[in-house]
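# Commentary on secondary and tertiary structure
Single-letter residue listing:
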Amino acid sequence: MSTAILWYFADPMCSWCWGFSPVIETLREEFHERTKIALVLGGLRPGETAPLTAAAREDILHHWQQVHERTGQPFRFDNALPPGFVYDTEPASRAVVAIGGIEPTLIFPLFRAIQNAFYAEGRDVTQAGALAELAAGLGVDAAAFMQAFDSDAARAKTQAHFRQARQAGVRGFPALILQQDSQLHAVSNGCQPLEVVREAIDRTLLPAV
């Protein structure tokens, strides 16, 4: 039997994915010997060009407050999403793709670092400079990261991630789909508690042979 893959569909600028961050990290620790866990960048708002309207900002911050209250994850609300902010999630997703081409073990650490920088520290992670600083904080040479980040290969692979999410039928994040051979099993949709997701994986995951 081939190795099972737990596909994690998420976006580094998705607030519910930030709320789910402690759960996915625990699952990575608990299930790493039974299944490969792979991140798929879902594409929350890729290619957005228009600044947020005041109404959209208010709506997003309301969601952030809900995530904070439900999960306890830290948010910096002061001066969040300032006037003129363009909520384009493609650069942050491409940064994760780029670092995966340099050092695959840093995919999840950079994903988590971008989330923390955006939500807890209020940094603008749509900017290449901020993303390069986060990569450098993980020990990656900033110039090498920028070269990978700006490459056509990284852009194309990022779009491939978005297509994979659409083809899998994922319409919201976070989402988990377990693949065993050619079979796909939906494990969870949305920011579910650890116990619920753990039980769903245990119920779905076939024993190793």
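Description of the structure in this document. (Residues numbered from 1 in each chain as written. Predicted model: local features only at pLDDT ≥ 70, side-chain atom pairs only at ≥ 80, totals over all residues. Heavy atoms only, no water.)

## Re the overall build of the protein
- Secondary structure assignment for the protein yields eight helices and four strands.
- Ordered by position from N to C terminus, the α and β elements of the protein give β-α-β-α-α-α-α-α-α-β-β-α.
- In terms of C-alpha radius of gyration, the protein reaches 17 Å, essentially the compact-globule figure of 17 Å for 209 residues.
- The burial tally for the protein puts 46% of its 209 residues in the buried class.
- Of the contacts formed within the protein by residues at least 6 apart in sequence, a portion of 75% connects residues at least 24 apart.
- Working note: accessible area of the protein is about 10,200 Å², and carbon and sulfur atoms make up 51% of it.
- Charge centroids of the protein, computed over 17 positive and 23 negative side chains, lie 4 Å from each other. (Helix = DSSP H or I, 4+ residues; strand = E, 2+ residues; numbered from the N terminus. Rg over C-alpha atoms; globule rule 2.2 N^0.38 Å. Buried < 20%, exposed > 50% of the residue type's maximum accessible area, 1.4 Å probe, protein only. Contact = heavy atoms within 4.5 Å. Areas by Shrake-Rupley, 256 points an atom, 1.4 Å probe, with all protein chains shown as cover. Lys, Arg positive; Asp, Glu negative; His and termini not counted. Charge placed at Lys NZ, Arg CZ, Asp CG, Glu CD.)

## Focus on the packing of aromatic side chains
- Applying the stated rule across the entire model yields 13 aromatic pairs.
- On the basis of an interplanar angle of 75 degrees and a centroid distance of 6.4 Å, the ring pair of Y8 and F111 is categorised as edge-to-face. One end of the pair, Y8, is in strand β1 (residues 5–10); the other, F111, is in helix α4 (residues 107–120), with 103 residues separating them in the sequence.
- Given a relative accessible area of 0%, Y8 falls into the buried group.
- Judged by relative accessible area, which is 3%, F111 ranks as buried.
- Where F145 meets F149, the ring centres are 5.7 Å apart and the plane angle is 20 degrees; that geometry is what we call stacked. Of this pair, F145 and F149 both sit in helix α6 (residues 142–149), four residues apart, roughly one helical turn. (Phe/Tyr/Trp six-rings, centres within 6.5 Å; stacked < 30°, edge-to-face > 60°.)

## Examining the sheet that holds strand β4 (residues 183–189)
- The strand order β2-β1-β3-β4 describes an open sheet built from four strands, whose pairing is mixed. Each end of this open sheet is capped by a strand with a single partner; those strands are β2 (36–41) and β4. Shown here is a sheet whose adjacent strand axes are inclined to one another by a mean of 25 degrees, direction ignored.
- Note that β1 and strand β3 (residues 175–180) share five bridges and pair antiparallel. Opposite I5, over in β3, you have Q179 as the bridge partner.
- Helix α8 (residues 194–204) contacts β1, β3 and β4 of the sheet and is inclined by roughly 165 degrees relative to β4. (Pairing = 2+ DSSP bridges. Axes fitted to C-alpha atoms, helices over the stretch in contact; angles between N-to-C directions.)

## Some words on helix α7 (residues 152–167)
- The terminal C-alpha atoms of α7, which comprises 16 residues, lie 22 Å apart, in line with the 22 Å expected from a rise of 1.5 Å per residue.
- Among all positions of α7, only A154, T158, H161, F162 and A165 are buried. Projected down its long axis, α7 carries its buried residues within an arc of 95 degrees, all on one side. Opposite the buried face of α7, at more than 90 degrees from it, the exposed residues are D152, A153 and Q167.
- Here the buried face of α7 lies against β1, β2, α3 (90–102) and α6.
- Looking at the residues trailing α7, positive phi occurs at G169, about 80 degrees. (Expected span 1.5 Å × (residues − 1). Arc of directions from axis to C-beta.)

## What to know about the pattern of salt bridges
- What the rule picks out here adds up to eight salt bridges.
- The partner of R34 in a salt bridge is D202, with the nearest N and O atoms 2.8 Å apart. Here R34, found in the loop between α1 (15–31) and β2, pairs with D202, found in helix α8; they are 168 residues apart in sequence, far enough to count as distant.
- Residue classification places D202 among the partly exposed positions, given a relative accessible area of 39%.
- Counted as one network, the salt bridges with shared partners bring together E25, R28 and R112. (Salt bridge = Lys/Arg side-chain N within 4 Å of Asp/Glu carboxyl O.)

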